[in-house]
Amino acid sequence: MWFLCVFYHRLLDFRKPEVEALAELFGEEIAENESLQWRLPEHHHNDTPFHFVQLSSEEIARNIAKRSILVKGMYELWGEGTCYEELKDSILSYPDSRKLPFLTSDSTFRISVETFGRGLTFEEQKDRIQSLTYIPFEGRVNLKNPDHNFFLMEMIESEENNGLQPILQRRIFFGREVGFADRKLLPTFQLKSRTYLGPTAMDAEMAFLMANQAKATSGKLVYDPFVGTGSILVSAAQFGAMTMGADIDIRVVRDGRGPDCNVWSNFKQYGLPMPVALLRMDNNLPPWRSGLKEIFDAIICDPPYGVRAGGRKSGGRKILRGTVDPYTVPDDKRTDHIPSTGAYSLVECVHDLLHLAARMLVMKGRLVFFFPVLRDETGGEVKFPEHPCFKLVAVSEQILSSRYSRVLLTMVKVEPYSEEIKEAARLMHLEFRENHLKWLEDGNIHSSVFKPIDSSQIHTDPKAFKDPKPKYRGKYV
């Protein structure tokens, strides 16, 4: 059954992958190596907020809309057209067997008008609603709590549209609301009201998107190996998942800023179940028992790739260089001891993350993490990390500047971990390290992102600063 899926116009690359992950979570059967069927309305650009998606039931569509962060609503489309005459013909031709059960005299209804492109006055909205008199509504109007919500949605043609893509042809949709979004999560969990924050705390909207991509839900165990102040785990816990995290900085996971301002207090603030455990752990030297594997349903993280914070691993510079031998901390000094650490390059960090996920994720478990891209130095197609245990199912790019972006990679475990897999992964890692950009190995992505603009590229003419390509608002959020 085809549904009209209306998105919020932001984070455009993240919209379809989120819906597809949630469709699987709520029971939609998707064949292997395939995805949901999508189609665009006629004359629409791919960045349009209106998309048609095929789902097997209204219940799945309703659950997706209720849980999604970027879906505004799901609708059963009764008619569409380029003008109101075409819309009328389309609605009248829609089967009565689908319409009449929602138009009975013992039901209540409400019609809302929404536009994309420009706003409408109250009088214009009223005129559009009154033009629908040919639909045989028999029930009473209830604007507060109706049994059925109907939406008249209009995409108004415009050449210049507040930074959005040009709308080449007007399109009007009318349909019954099947499910709607609950955006109350975002103001409730916004970072500015969070008890305990760090410089790399994940934005609430993005953290919920990552949790949706990982299909976090009740009964699943979600792990973040770079937990920091726990922003990602808070979102997973909100969706009912059990959580567990680790960080190399013992001051973050143990102390925070006091007994009432730490990672645990963030969960307490929202009345969420506490994590199963928060560990001081080095992902480069994991302490897992040799026979322990396949315990996590999902791993979600934002690895330290050196823009706001660089990666660290155990050892310190002198130990890593071999200047001094490893040492044992005396028992009487262990309580207040802070282990020394050294630089941890992104290539090494990603390799260790994939190795951890291959070993510790259950089959069909998901690994969701961000990977940085320097847009002016790739010189072509970006090569993402690979592992023989995983299939890459979604790539969503968030453009942060003209020079730098980060890509959310979603991988599914499709092969069990073994020694043969481990060796194949090592060879793939060597190829990735040799073929990829030098800044990954050297760890100098920070200087690449924030390097000064070449003075030869500075123009005195203000018009020279205009980008020749239109920047759609959703691409840069």
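Residues numbered from 1 in each chain as written. Predicted model: local features only at pLDDT ≥ 70, side-chain atom pairs only at ≥ 80, totals over all residues. Heavy atoms only, no water.

Participant: Please give an account of the overall build of the protein that cites residues and values.
Facilitator: Counting secondary structure elements, the protein contains 15 helices and 17 strands. Counting all 477 residues of the protein, 49% fall into the buried class. Put simply, 75% of the contacts in the protein that link residues at least 6 apart link residues at least 24 apart. Element-wise, carbon and sulfur atoms account for 50% of the exposed surface of the protein, whose accessible area totals about 23,900 Å². (Helix = DSSP H or I, 4+ residues; strand = E, 2+ residues; numbered from the N terminus. Buried < 20%, exposed > 50% of the residue type's maximum accessible area, 1.4 Å probe, protein only. Contact = heavy atoms within 4.5 Å. Areas by Shrake-Rupley, 256 points an atom, 1.4 Å probe, with all protein chains shown as cover.)

Participant: Give me the lowdown on the confidence of the model for the protein, citing residues and values where you can.
Facilitator: On average, the protein scores 85 in pLDDT, and the residues at 70 or more come to 85%. Mean pLDDT in the protein bottoms out at helix α14 (residues 438-442), which sits at 53, and peaks at strand β9 (residues 221-224), which reaches 98. Scored below 50 in pLDDT, residues 468-477 makes 23 contacts in the model with residues more than four places away or belonging to other chains. (pLDDT = per-residue confidence, 0-100.)

Participant: So what about the packing of aromatic side chains? Which residues, and what values?
Facilitator: One pass over the full model with this rule turns up 17 aromatic pairs. Taken together, a centroid distance of 6.4 Å and an interplanar angle of 70° make the contact between F52 and F173 edge-to-face. With F52 in strand β3 (residues 50-54) and F173 in strand β8 (residues 171-180), this residue pair connects regions lying 121 residues apart in the sequence. The same class applies to F52 as to F173, namely buried. Judged by centre distance (4.5 Å) and plane angle (5°), the rings of Y223 and F296 are stacked. With Y223 in strand β9 and F296 in strand β12 (residues 296-301), this residue pair connects regions lying 73 residues apart in the sequence. The same class applies to Y223 as to F296, namely buried. Taken together, the ring pairs connect W78, Y94, F109, F137, F150 and F174 into an aromatic cluster. (Phe/Tyr/Trp six-rings, centres within 6.5 Å; stacked < 30°, edge-to-face > 60°.)

Participant: Describe helix α3 (residues 84-93), naming the residues involved and giving the relevant values.
Facilitator: For α3, the set of buried residues is Y84, L87 and I91. Within α3, the buried residues cover an arc of 50° as seen down the axis, which keeps them to one side. The exposed residues of α3 that point more than 90 degrees off its buried face are E85, D89 and S93. Of the surrounding secondary structure, the elements contacted by the buried residues of α3 are β4 (71-81), α4 (96-99), α5 (122-130), β7 (148-155) and β8. (Arc of directions from axis to C-beta.)

Participant: How would you explain the pattern of salt bridges if you had to name every residue and give the values?
Facilitator: Under the counting rule described, the total for this entry stands at 20 salt bridges. A salt bridge links E42 to R171; the nearest nitrogen and oxygen atoms lie 3.9 Å apart. One end of the pair, E42, is in the loop between β2 (38-39) and β3; the other, R171, is in strand β8, with 129 residues separating them in the sequence. A relative accessible area of 7% places R171 in the buried class. Salt-bridge contacts for R128 lead to E154; the nearest nitrogen and oxygen are separated by 2.8 Å. Placement of the pair is R128 in helix α5 and E154 in strand β7, with a sequence separation of 26 residues. (Salt bridge = Lys/Arg side-chain N within 4 Å of Asp/Glu carboxyl O.)

Participant: Outline the state of the cysteines, listing residues and values.
Facilitator: On inspection of all chains with the given rule, the structure shows 0 disulfides. Free cysteine: C349, not disulfide-bonded; nearest cysteine sulfur from C301 at 7.5 Å. (Disulfide = S-S within 2.5 Å.)

Participant: I'd like a rundown of the packing of helix α7 (residues 204-213) against helix α8 (residues 231-238), residues and numbers included.
Facilitator: Relative to each other, α7 and α8 sit at 60°, their axes nearing to 8 Å. In terms of their interaxial angle, α7 and α8 are classed as oblique. Along this stretch, α7 crosses α8, giving a crossing that reads as right-handed. For the pair α7 and α8, the contacting residues are A204, A207, F208, M210 and A211 in the first and S231, I232, S235, A236 and Q238 in the second. Here the residues of the contact of α7 with α8 are counted per class, giving 7 nonpolar, 3 polar and no charged. (Axes fitted to C-alpha atoms, helices over the stretch in contact; angles between N-to-C directions. Parallel < 35°, antiparallel > 145°, perpendicular 65-115°, else oblique. Left-handed = near helix turned anticlockwise from the far one by under 90°. Nonpolar A, V, L, I, M, F, W, Y, C, P; charged D, E, K, R; others polar.)

Participant: Explain the sheet that holds β4 residue by residue, including any values.
Facilitator: Pairing is mixed in the open sheet, where 8 strands are placed in the order β2-β3-β1-β4-β8-β7-β5-β6. Looking at which strands have only one partner, the edges of the open sheet turn out to be β2 and β6 (140-141). Sheet topology places β7 next to β8; 6 bridges connect them, and they run antiparallel. By the bridge assignment, F150 is partnered in β8 with R176. Against the sheet, α3 engages β4, β7 and β8, with an angle of about 90° to β4. (Pairing = 2+ DSSP bridges.)

Participant: Outline the packing of helix α1 (residues 15-25) against α7, listing residues and values.
Facilitator: Between α1 and α7, the shortest axis-to-axis distance is 8 Å and the interhelical angle comes to 45°. Taken together, the axes of α1 and α7 lie oblique to each other. Contact residues: P17, E18, A21 and L22 in α1; L209, N212 and Q213 in α7. Partitioned by chemical class, the residues of the contact of α1 with α7 number 4 nonpolar, 2 polar and 1 charged.

Participant: Explain the nonpolar core to me, using residue names and the numbers behind them.
Facilitator: Counting residues in each nonpolar core, the largest one holds 80 residues, and the members touching the most others are M210, Y223, F296, I299 and L367. Looking at which element gives the most residues to this core, the answer is helix α12 (residues 346-360), with 10 residues. Core analysis: the next-biggest nonpolar cluster, separate from the first, contains 19 residues, Y84, I111, L120 and I135 among them. (Core = buried A, V, L, I, M, F, W, Y, C linked by side-chain atoms within 4.5 Å.)

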